[in-house]
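# Remarks on the overall topology
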Amino acid sequence: MNSKHLAGFYWVRLVLISSLLAVTNLAFGSPPVLDKCVACHGADGHAHGNMAFPVIAGMPPAHIEEAIYAYKDAARKCRSVPLMCDMAKGLSDEEVVGVAEYYGTQERF
Ligand code: HEC
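These figures come from a predicted structure and were not determined experimentally.

## Description of the confidence of the model for the protein
Across the protein, the average pLDDT comes to 83, with 73% of residues at 70 or higher. No element of the protein has a lower mean pLDDT than helix α1 (residues 3-28), which averages 53, and none a higher one than helix α3 (residues 61-72), which averages 97. Segment residues 18-26 is flagged for pLDDT under 50; beyond a separation of four residues in sequence, or across chains, it makes 0 contacts in the model.

Below is the structure:
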């Protein structure tokens, strides 16, 4: 194999790998609504170590969903930061499932 072929070989692999990553990110990537949670709970669900916000990493998705719906219909009140309740109200059912799945799969440490 001469060097021209070799370069082409690597180029094809690069394209294959990057398109695979793009597809993986589409299928399993973080839901866009996550932007709304990151400021308080962090992308990994550990709340940036800030004790004012609960750690939600690795919580059963069913619990996360239940909590959000309880905030939505005011069955559960927000203790100190009403923003969590306001946040919950704006989420669609699909978004609730998406964030629950996402945070549910984050490692709790
Ligand atoms: C402005 C900060 C803030 C944002 C943004 C926010 N949260 Fe919260 N979240 C809180 C606070 C504070 C609490 C605790 C509420 C209380 O009891 O007063 C909480 C509670 C929760 C709980 C309940 C945890 C438990 O122990 O039962 C879940 C689940 C949750 N948030 C998920 C989310 C998700 C998902 C998003 C994004 C859609 C989000 N939060 C956005 C601050 C926030």
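## A short note on helix α5 (residues 93-104)
Over its 12 residues, α5 extends 16 Å from the first C-alpha to the last, a length consistent with the 16 Å expected when each residue adds 1.5 Å. Within α5, the full set of buried residues consists of V96, V99, A100, Y102 and Y103. Projected down its long axis, α5 carries its buried residues within an arc of 165°, all on one side. The outward face of α5, more than 90 degrees from its buried face, is lined by the exposed residues D93 and E94. In this structure, the buried residues of α5 make contact with α2 (35-41) and α3.

## Overview of unusual backbone geometry
The phi dihedral of A47 falls on the positive side, at around 55°, and the residue is not glycine. Relative to the assigned elements, A47 resides in the loop between α2 and α3. Accessibility expressed as a C-beta count within 10 Å gives 18 for A47, which makes it partly exposed.

## A look at the site of the ligand
Close to the ligand lie 21 residues, the nearest being C37, C40, R79, L83 and M84. Only α2, α3 and α4 (83-89) provide two or more residues apiece to the shell around the ligand. Examining the composition of the shell around the ligand, we find that 5 residues originate from one element, α2, more than from any other. Split into classes, the residues belonging to the shell around the ligand amount to 17 nonpolar, 2 polar and 2 charged.

Each value, and the rule that gives it
- Residues numbered from 1 in each chain as written.
- Predicted model: local features only at pLDDT ≥ 70, side-chain atom pairs only at ≥ 80, totals over all residues.
- pLDDT = per-residue confidence, 0-100.
- Helix = DSSP H or I, 4+ residues; strand = E, 2+ residues; numbered from the N terminus.
- Contact = placed C-beta atoms within 7 Å.
- Expected span 1.5 Å × (residues − 1).
- Buried ≥ 20, exposed ≤ 12 C-beta atoms within 10 Å, placed from the backbone.
- Arc of directions from axis to C-beta.
- Near = placed C-beta within 6 Å.
- Nonpolar A, V, L, I, M, F, W, Y, C, P; charged D, E, K, R; others polar.

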